[in-house]
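One letter stands for each residue in the lines below.
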Amino acid sequence: MKQGGSDAAKRAAGESAAEAVEDGMVVGLGTGSTAAHAIRAIGRAVDAGLDVVGVPTSFQSRELARDCGIPLADLDDASVDLAIDGADEVAGGDLVKGGGAAHAREKVVDASADRFIVVADPTKEADVLAHPVPVEVLPMARSTVAEAVEALDGDPDLRRAARKDGPVVTDNGNLVLDCDFGAIEDPAALAGRLSETPGVVAHGLFVGLADEVHVGTDDGVSVRDLR
Ligand SMILES: O=C(CO)[C@H](O)[C@H](O)COP(=O)(O)O
């Protein structure tokens, strides 16, 4: 996985995106180490008097937002003005997400937002998406989805937990297949095929959802506007 970026670069990206948060906004709070910098920056702004409500995308982002004093809401109660989220790989405006197995909720929140800012460090950038695609599956559909992925010339690998025997279980009680398709020449077509596979809850291809990409470096931030 592409996790090699420096913390300074991740922080620069996260803090740059947090500057887009305005008083009165509902903000989608992404998951991962880069989005966490945005959440901390929003928390500092809340301390200083900014009036915002956060919609978390995972157990992890909910806990961090609570620690940072950000008031929270569910999507049932709020519509998202701005979402800020990380990515495992970025090619143009297309992303692979789900390194933290949070992509199902991330996709719901990010896709619902009026504006979606991706925060990344330079190690995430690619010309063509080639990162294995995390696919969240119903536990009883693990084998049938794996067969469908193989039929699409993918190589599925059940994600295993680092500090528990057995598989990673998502916040939604499901399993994750990391599916290596090599270079993905047509992300929209693959996204469609995965979405129509019975038992797939959500896949980590985010095609055409991003409005902006903020790439942090040790020296600053470059902003790509895709709208
Ligand atoms: O999709 C994600 C979680 O499901 C994360 O946003 C992605 O894995 C990037 O994480 P990081 O900023 O720690 O590299």
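What you see is a predicted model; the values in this text were computed from it and never measured. (Residues numbered from 1 in each chain as written. Predicted model: local features only at pLDDT ≥ 70, side-chain atom pairs only at ≥ 80, totals over all residues.)

## Looking at the environment of Asn174
Next, step 1: Along the polypeptide, Asn174 turns up in the loop between β8 (155-158) and β9 (175-180).
Next, step 2: By the C-beta count within 10 Å, which is 22 here, Asn174 ends up buried.
Next, step 3: Sequence spacing of Asn174 and Ala12 is 162 residues, and the spatial spacing of their C-alpha atoms is 33 Å.
Next, step 4: If near-sequence neighbours (up to four positions away) are discounted, Asn174 is found in contact with Glu136, Val137, Leu138, Pro139 and Val201. (Helix = DSSP H or I, 4+ residues; strand = E, 2+ residues; numbered from the N terminus. Buried ≥ 20, exposed ≤ 12 C-beta atoms within 10 Å, placed from the backbone. Contact = placed C-beta atoms within 7 Å.)

## Observations concerning unusual backbone geometry
A negative phi angle is the norm for most residues apart from glycine, just as the trans form is the norm for most peptide bonds.
Next, step 1: A positive phi angle is found at Ala101, which is not glycine, with a value near 60 degrees.
Next, step 2: Note that Ala101 resides in the loop between β5 (94-96) and α4 (103-112).
Next, step 3: Of note, Asp153 is a non-glycine position whose phi angle comes to about 65 degrees, a positive value.
Next, step 4: Structurally, the position occupied by Asp153 is in the loop between α5 (142-151) and β8.

## A look at the domain arrangement of the protein chain
Next, step 1: By the assigned domains, the protein chain splits into domain 1 (7-126 + 208-225) and domain 2 (133-204).
Next, step 2: Taking only C-alpha atoms into account, the centre of domain 1 sits 24 Å from that of domain 2.
Next, step 3: Contacts between the two partners involve twelve residues from domain 1 and, on the opposite side, 13 residues from domain 2.
Next, step 4: Looking at the side of domain 1 that touches domain 2, the elements that each hand over two or more residues are β5 and α4.
Next, step 5: Per-class residue counts for the side of domain 1 that touches domain 2 are five nonpolar, three polar and four charged. (Domains from an automatic or database assignment. Nonpolar A, V, L, I, M, F, W, Y, C, P; charged D, E, K, R; others polar.)

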